[in-house]
Amino acid sequence: MIKNLTGAGISKNHNVKVHSISGMTSNDLIDHIKPMVRKNPDAVLVHIGSNDLTDNVNTMKKIKKVVAAIREIDKEEKISISFSSIIERNDIDLEKDFNLINEKIKSYCSGKGFSFIDNSNIDRSCLSWDKLHLNRKGTAYLANNFKKYVSNI
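Numbering of residues starts from 1 in each chain and follows the order in which that chain's sequence is written. Per-residue local features are limited, in this predicted model, to residues with pLDDT of at least 70; the limit for side-chain atom pairs, both in listing and counting, is 80 or more; totals at the level of whole chains, interfaces and linings are taken over all residues. Calculated side-chain values reflect all of the structure's heavy atoms, with hydrogen atoms and water omitted.

Draft legend 1. Inspection of the packing of aromatic side chains at higher detail. Working definition: a ring pair exists when centres of Phe, Tyr or Trp rings (six-membered ring for Trp) sit within 6.5 Å. Plane angles under 30 degrees give stacked, over 60 give edge-to-face, the rest tilted. Counted by the stated rule, this structure contains two aromatic pairs. Ring centres of Phe83 and Phe114 lie 6.3 Å apart, and the angle between their planes is 45 degrees; on these two criteria the pair is classed as tilted. Of this pair, Phe83 sits in strand β2 (residues 80-84) while Phe114 sits in the loop between α5 (95-112) and β3 (115-117), and the two are 31 residues apart along the sequence. Comparing Phe83 with Phe114, the two get one shared label, buried. Geometrically, the ring pair formed by Tyr108 and Phe114 is edge-to-face, given 6.0 Å between the ring centres and 65 degrees between the ring planes. Helix numbering and strand numbering both begin at the N terminus, where a helix is a DSSP run of H or I of at least 4 residues and a strand a DSSP run of E of at least 2. The cut-offs for exposure are 20% and 50% of the maximum accessible area for each residue type, with area from a 1.4 Å probe on protein chains only; residues under the lower value are buried, those over the upper are exposed, and the others partly exposed.

Printed below as a string of structure tokens:
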């Protein structure tokens, strides 16, 4: 979903880095996030979940493990953590699942003082031919959602 985003496209005023690995699940992210956190960023914006839904993974458990991996290194909790909502996909019927998970993610973020980025403006018209990945319109919407968040850091 984020493979076509660039840091410069999200912010000209902040040093934004975008890390995307095709097909990444929450388990994969846990392995990859620690080296990024060791660089002491001001904020980490996490966009995961869609691939977990297709693999019947408990996304909320994995999100909590991602937070634990960040806090394992960031013990003083200096890094601001944000989660981006799961984007609708149309390759398989997941509408109920992703809406429920997004509500859980939003509630979790609220309870922990994390930011939640709502991507509900990205609908099926924003998907490419494969009904999974974003088309140009969807990428522009997602970049704009991230820009709004980054501008408020």
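Draft legend 2. The nonpolar core, seen in detail. Here the nonpolar core consists of buried residues drawn from Ala, Val, Leu, Ile, Met, Phe, Trp, Tyr and Cys, with membership extended through side-chain atoms lying within 4.5 Å. Counting residues in hydrophobic clusters, the biggest one holds 24 residues, and the most contacted among them are Ile33, Val46, Val66, Phe83 and Ile105. Broken down by secondary-structure element, the contributors of at least two residues to this core are α2 (26-37), β1 (43-46), α4 (59-73), β2 and α5. Per element, the largest residue contribution to this core is six residues, and it comes from α4. Pairs of residues are marked as contacts when any of their non-hydrogen atoms sit within 4.5 Å. Beyond its immediate stretch of four places on either side in the chain, Phe83 contacts Val46, Ile63, Val67, Ile105, Cys109, Phe114, Ser115, Phe116 and Ile117. Ile87, Leu127, Leu142 and Val150 belong to the second largest nonpolar core, which has ten residues in total.

Draft legend 3. Representation of helix α6 (residues 136-151). Given a rise of 1.5 Å per residue, 16 residues ought to cover 22 Å, and the 22 Å separating the end C-alpha atoms of α6 matches this to within 8%. Within α6 the residues assigned to the buried category are Gly138, Thr139, Leu142, Ala143, Asn145, Phe146, Tyr149 and Val150. With its buried residues spanning 155 degrees around the axis, α6 presents them on a single face. In this structure, α6 carries Arg136 and Ser151 as exposed residues pointing more than 90 degrees from its buried face. Where α6 begins, the side chain of Asn135 points an oxygen toward the backbone nitrogen of Lys137, at a separation of 3.1 Å. The span you would expect from a helix comes to 1.5 Å times its residue count less one. When we speak of the arc, we mean the arc of directions from the helix axis to the C-beta atoms. In protein, a polar contact requires one atom able to donate a hydrogen and another able to accept it; more generally it is a pair of N or O atoms within 3.5 Å, and residues adjacent in sequence count only if both atoms are side-chain atoms.

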